[in-house]
Amino acid sequence: MKRKIIFFSLVIIIIGSFFIYTIFSNKTDFVSYSFFAEQMKANSIETSIISEETIKFTLKDGNQYLCQNPKSPDLAERLLLSGTAISFEKSVEEKLIFILDILFYFIFAVAIIFIYKRFISPSSFKVAKKTQAYFSDIVGMEDVKKAALQVVDMLKKPNFYQRKGIRIPKGILLEGDPGNGKTLFARALANEAGIKFIPTKATDFESMFMAIGPMKVKMLFRKARKNAPCIVFIDEFDGIGTKRNYSGNAIETENTRIVTALLNELDGFQVNSGVLVVAATNSIKALDEALVRPGRFDSKFYVPYPDKNARLALIEKYTGNKQLDSMVSKDKLAEKLKGASCAYIESLLNNAALLAQSQGQDSIQEIHIAQAAKEM
């Protein structure tokens, strides 16, 4: 906001200064054109500045005068024949147009820089060396962890698997409802494997400008190759990978271009490129068939809502440093939370702890959990 105020203040100062200069620079004695003609006939004029409406002339004795310009077609010729040095001055309107042109190009340049930094700059995608997440933070999903780690091992030892004739998968697709740990799993996978992590989401590729989305896709994978081995995580994948629709409207056209760019990048991976794409989606059915076919996302895992054992483990995990009242049965609580996501359980217990604290209670009681559930 401060930058905008400073910018517009400068614009006002520049335009104001121009008009002030124009007004005060014209403080010269105004004479009749007949006086000017007499001086020209007598060869007494040293210099003259001809503008659209006036003639500013300086006599050989140093005095300056201003007269009306009759716009005679041979005026310049007659002045030159009398030995007068002449020059032409732009009108106020022309000067203003010139200033406005400069301002336009300046604003245009600022806009280009803003667009580059906001939508195109390589710094849009951050590379994390450590994610501070571990598989121990994830309850359940043991089969998924094991399979994913095997894929990462292929990334780190590509030659070993190539000698065995095993092709390295290019991507892992995680499907499941929000809040069940897809993002946490991707972060933990990179940390457990000891490789870099590049997190993105669908909104990172959206733009008010056409063709920016596909450009950012190419930029992302270019950065990924430079940082291999690494994991590229795309959250909300169904936001950019939906089925292509050739209806012709601008939004669908941009979506088609983004999907095509993704396909080109996935197909462009070499066997030993060292880049693994982990994408999270709420529904595989919503994705373009070309994206999910074998050879692109070979590994597909469903991340379900936690079962009762997982809910018990989550309750244990999220009440580890929170005192549960002895009357609260963890087993019954896990039963009541059937169908709840991991994120919901964590948030519920945290809010219940806050309620207990605000009421001066040392432990979380049933009433706190019930009240927290109503408020969520």
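Predicted, not measured: the structure shown is a model, and the values here were computed from it.

*Asks:* Before we go on, may I ask you to explain the overall build of the chain in this structure?
*Replies:* Looking only at helices and strands, one finds 14 helices and 10 strands in the chain. Going through the 376 residues of the chain one by one, you find that 40% of them count as buried. Residue pairs in contact within the chain that sit at least 24 positions apart in sequence constitute 71% of those at least 6 positions apart. As displayed, the chain offers around 21,500 Å² of accessible surface, 57% of which is attributable to carbon and sulfur atoms.

*Asks:* What should I look at first to understand the sheet that holds strand 5 (residues 85–88) in this one?
*Replies:* Sheets are built from strands that pair by backbone hydrogen bonding, the pairs being arranged parallel or antiparallel. Sheet architecture is open: five strands sit in the order 1-4-3-2-5, paired in mixed fashion. A single partner strand is all that each edge strand has here, and the edge strands are strand 1 (29–30) and strand 5. Both strand 2 (residues 45–50) and strand 5 contribute to a ladder of four bridges, which runs parallel. The residue bridging Ile50 from the neighbouring strand is Phe88, located in strand 5.

*Asks:* What's the story with the pairing of strand 10 (residues 299–302) in this structure? I'm lost.
*Replies:* Note on strand geometry: in a regular strand, side chains alternate between the two faces of the sheet. Burial along strand 10 is one-sided: the face carrying Ser299 and Phe301 is buried and the face carrying Lys300 and Tyr302 is not. In terms of strand pairing, strand 6 (residues 171–175) meets strand 10 through four bridges, oriented parallel. What sits directly across from Leu174, in strand 10, is Phe301.

*Asks:* What is the right way to read the pairing of strand 8 (residues 230–235) from this model?
*Replies:* A large share of strand 8 lies buried, amounting to five of its six residues. In terms of strand pairing, strand 7 (residues 196–201) meets strand 8 through six bridges, oriented parallel. Considered in strand 8, the bridge of Thr200 is made with Ile234. The pairing of strand 8 with strand 9 (residues 275–281) spans five bridges and is classified as parallel. Looking across to strand 9, one finds that Val232 is bridged to Val277.

*Asks:* What's the story with the pattern of salt bridges in this structure? I'm lost.
*Replies:* Pairing between side chains of opposite charge can happen when their charged atoms approach one another. The full count for this structure, using the stated rule, is 12 salt bridges. Close ionic contact of Arg78 with Asp74 constitutes a salt bridge, the shortest N to O distance being 3.5 Å. Judged by relative accessible area, Arg78 falls into the partly exposed class, the value being 31%. With a shortest N-O distance of 3.6 Å, Glu289 and Lys243 are connected by a salt bridge. You can see Glu289 sitting in helix 10 (residues 289–292) and its partner Lys243 sitting in the loop between strand 8 and helix 9 (250–268), a full 46 residues away along the chain. A residue is classified by how much of its surface remains accessible, and Lys243, at 40% relative accessible area, is partly exposed.

*Asks:* How should the packing of helix 13 (residues 342–358) against helix 14 (residues 366–375) be read in this particular structure?
*Replies:* For any two helices packed against each other, one specifies the crossing angle of their axes together with the interaxial distance. Running from N to C, helix 13 and helix 14 point in directions that differ by 120 degrees, and their axes come no closer than 8 Å. Put simply, helix 13 runs oblique to helix 14. For the pair helix 13 and helix 14, the sense of crossing is right-handed. Together, Tyr344, Leu348, Asn351, Ala352, Leu355 and Ala356 of helix 13 and His368, Ile369, Gln371, Ala372, Ala373 and Glu375 of helix 14 make up the contact between the two elements. When the residues that make up the contact of helix 13 with helix 14 are grouped by side-chain class, the tally is eight nonpolar, three polar and one charged.

*Asks:* Sorry if this is basic, but what is going on with helix 5 (residues 142–156) here?
*Replies:* Since one α-helical turn is 3.6 residues long, residues separated by three or four positions face the same way. Between its first and last C-alpha, helix 5 extends 21 Å over 15 residues, near the 21 Å set by a 1.5 Å rise per residue. Val144, Lys145, Ala148, Val151, Val152, Met154 and Leu155 are the residues of helix 5 that are buried. Buried positions along helix 5 lie against helix 6 (158–163), strand 6, helix 7 (182–193), strand 8, strand 9 and strand 10.

*Asks:* How should the packing of helix 5 against helix 7 be read in this particular structure?
*Replies:* Close contact between helix 5 and helix 7 brings their axes to 10 Å; oriented N to C, the two are set at 50 degrees. It follows from the interaxial angle that helix 5 and helix 7 lie oblique. Crossing hand, helix 5 versus helix 7: right-handed. When helix 5 is examined against helix 7, the residues Val144, Lys145, Ala148, Leu149, Val152 and Lys156 are found in contact with a partner set consisting of Phe185, Leu189, Glu192 and Ala193. Taken together, the residues that form the contact of helix 5 with helix 7 break down as seven nonpolar, no polar and three charged.

*Asks:* Sorry, what's going on with helix 2 (residues 33–41) here?
*Replies:* Of the positions making up helix 2, those classed as buried are Phe36, Gln39 and Met40. For helix 2, the angular spread of the buried residues around the axis is 100 degrees, confining them to a single face. Those residues of helix 2 that are exposed and aimed more than 90 degrees away from the buried face are Glu38 and Lys41. Buried positions along helix 2 lie against strand 2, strand 3 (54–59), strand 4 (64–68) and helix 3 (75–81). Positive backbone phi, approximately 55 degrees, marks Asn43, located one or two places after helix 2.

Procedures and definitions
Residues numbered from 1 in each chain as written. Predicted model: local features only at pLDDT ≥ 70, side-chain atom pairs only at ≥ 80, totals over all residues. Heavy atoms only, no water. Helix = DSSP H or I, 4+ residues; strand = E, 2+ residues; numbered from the N terminus. Buried < 20%, exposed > 50% of the residue type's maximum accessible area, 1.4 Å probe, protein only. Contact = heavy atoms within 4.5 Å. Areas by Shrake-Rupley, 256 points an atom, 1.4 Å probe, with all protein chains shown as cover. Pairing = 2+ DSSP bridges. Salt bridge = Lys/Arg side-chain N within 4 Å of Asp/Glu carboxyl O. Axes fitted to C-alpha atoms, helices over the stretch in contact; angles between N-to-C directions. Parallel < 35°, antiparallel > 145°, perpendicular 65-115°, else oblique. Left-handed = near helix turned anticlockwise from the far one by under 90°. Nonpolar A, V, L, I, M, F, W, Y, C, P; charged D, E, K, R; others polar. Expected span 1.5 Å × (residues − 1). Arc of directions from axis to C-beta.

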